[in-house]
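Results of the structural survey
What follows is each chain in one-letter form.
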Amino acid sequence: MALSVSNLASSLSSLSFSSQVSHGPTTLSFPRANYLFSLPGKSPRRASLSITATVAAPAEVSEDDTMELKKYVKSRLPGGFAAQKIIGTGRRKCAIARVVLQEGTGKVIINYRDAKEYLQGNPLWLQYVKVPLVTLGYENSYDVFVKAHGGGLSGQAQAITLGVARALLKVSADHRSPLKKEGLLTRDARVVERKKVGLKKARKAPQFSKR
């Protein structure tokens, strides 16, 4: 079965669609296009093709939810972060995280947003945040409030790990031994190595040829 290339090209060029951003699912419809098919020894026949696709709109966080979380954090932390007793500061690469622990049910709030939403649901980053609490069996005993800035989400998550571990030391000095055994009190000093003059990156050199 042979397909007329010229008819197919003209039909595809006539296709057009429009979409509008909305909070609900968006349906994209393509108009019907006629294609000319020809069989050996028979007259050409026309066939129609129509395509419909549904695109789901991305989930958005409403401003009301953000305001509610801000009010909740302020009610739980009177006087702000600096006025709290169980506080720890963690750093990783260019990221800095100030962590406050309060007795609760294991809720984690980062920059007035839920941790799962802030860390984009990444299971590894969420695990980083809870490792010190899980090590001591406190995953459902403390609420974690974080102010983080600088770096990327991965660096911030690892900075929160150190901040939580340091805050747990203020709960009890007996926590030092198990936390240190897991390496959670060691500041990771690795950073990106600077670019060198004459090189493409820190160590990558341009191609060299003797001839």
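Above this note sits the structure.
On a predicted model such as this, the values are computed, not experimentally measured, just so you know.

Mapped onto the elements of the fold, Gly151 is located in the loop between strand 10 (142-149) and helix 5 (153-171). For Gly151, a relative accessible area of 56% translates into the label exposed. With 59 residues separating them in the primary sequence, Gly151 and Arg92 have C-alpha atoms 8.3 Å apart. Look past the residues within four positions of Gly151 in its chain and what remains in contact with it is Cys94, Ala95 and Gln156.

The next thing to look at is the side chain of Thr161. Position of Thr161 among the secondary structure elements: in helix 5. In this structure Thr161 comes out as buried when scored by relative accessible area, which is 10%. At 2.6 Å, the side chain of Thr161 forms a polar contact with the backbone oxygen of Tyr128. Aside from chain neighbours lying at most four places away, what touches Thr161 is Tyr128, Val129, Pro132 and Leu184.

So, about the pairing of strand 7 (residues 95-103). Bridge analysis of strand 6 (residues 87-92) against strand 7 gives six bridges, and the strand direction is antiparallel. For Arg92, the partnering residue across the bridge sits in strand 7 and is Ala95. The hairpin turn running from strand 6 into strand 7, its antiparallel successor, is two residues long, and Lys93 in that turn takes a positive phi close to 55°. Note that strand 7 and strand 10 share eight bridges and pair antiparallel. Within the sheet, the bridge partner assigned to Glu103 lies in strand 10 and is Tyr142.

Taken as a whole, this structure holds two aromatic pairs when the rule is applied. Summarising the aromatic geometry, the rings of Tyr72 and Phe145 are spaced 6.3 Å apart at their centres and angled 45° between planes, so their arrangement reads as tilted. Of the two residues, Tyr72 is situated in helix 2 (residues 63-76) and Phe145 in strand 10; the sequence distance between them amounts to 73 residues. With centroids separated by 5.4 Å and ring planes inclined at 65°, the aromatic side chains of Tyr138 and Tyr142 adopt a geometry described as edge-to-face. Overall, the relative accessible area of 22% leaves Tyr138 in the partly exposed class. The class for Tyr142 is buried, based on a relative accessible area of 9%. If you follow Lys70 out to its NZ or CZ, it ends over the ring of Tyr112, 5.8 Å from the centre. When the ring centre of Tyr72 is taken as origin, the NZ or CZ atom of Lys107, which lies over that ring, is 4.5 Å away.

The terminal C-alpha atoms of helix 4 (residues 123-136), which comprises 14 residues, lie 20 Å apart, in line with the 20 Å expected from a rise of 1.5 Å per residue. Of all the bends found along helix 4, the most pronounced is centred on Lys130 and spans about 50°, while Pro132, a proline, follows it within four residues. Lining the buried residues of helix 4 we find strand 8 (108-110), strand 10, helix 5 and helix 6 (176-181). For helix 4, the side-chain oxygen to backbone nitrogen distance between the N-cap and Leu124 is 2.9 Å, and the N-cap itself is Asn122. Once helix 4 finishes, Gly137 follows within two positions and takes phi at roughly 75°, a positive value.

Cut-offs and rules
Starting afresh in each chain, residues are numbered from 1 along the sequence in its written order. Reporting in this predicted model follows two pLDDT cut-offs: at least 70 for local features of residues, and 80 or more for side-chain atom pairs to be given and counted; totals over whole chains, interfaces and linings ignore these cut-offs and use all residues. Hydrogens and water molecules were not included; the side-chain quantities draw on all heavy atoms of the structure. By the criteria applied, helices consist of DSSP H or I runs no shorter than four residues and strands consist of E runs no shorter than two, each listed in order from the N terminus. When accessible area is computed with a 1.4 Å probe and restricted to protein chains, residues below 20% of their type maximum are described as buried, those above 50% as exposed, and intermediate ones as partly exposed. We call two residues in contact whenever any of their non-hydrogen atoms come within 4.5 Å of each other. Pairing of N or O atoms within 3.5 Å defines a polar contact, subject to two protein rules: one partner must be a possible hydrogen donor and the other a possible acceptor, and residues neighboring in sequence count only if both atoms are side-chain atoms. Only strands joined by at least two bridges in the DSSP assignment are considered to pair. Pairing of aromatic rings covers Phe, Tyr and the six-membered ring of Trp, with a centre-to-centre limit of 6.5 Å; geometry is then stacked below 30 degrees between planes, edge-to-face above 60, and tilted otherwise. Geometrically, a charge over a ring is one whose NZ (Lys) or CZ (Arg) sits within 6 Å of the ring centre while staying within 35 degrees of the ring normal. Helix span, as expected, comes to 1.5 Å for every residue beyond the first. For a residue, the bend is simply the angle between two axes, fitted respectively to the seven-residue segment ending there and the seven-residue segment starting there.

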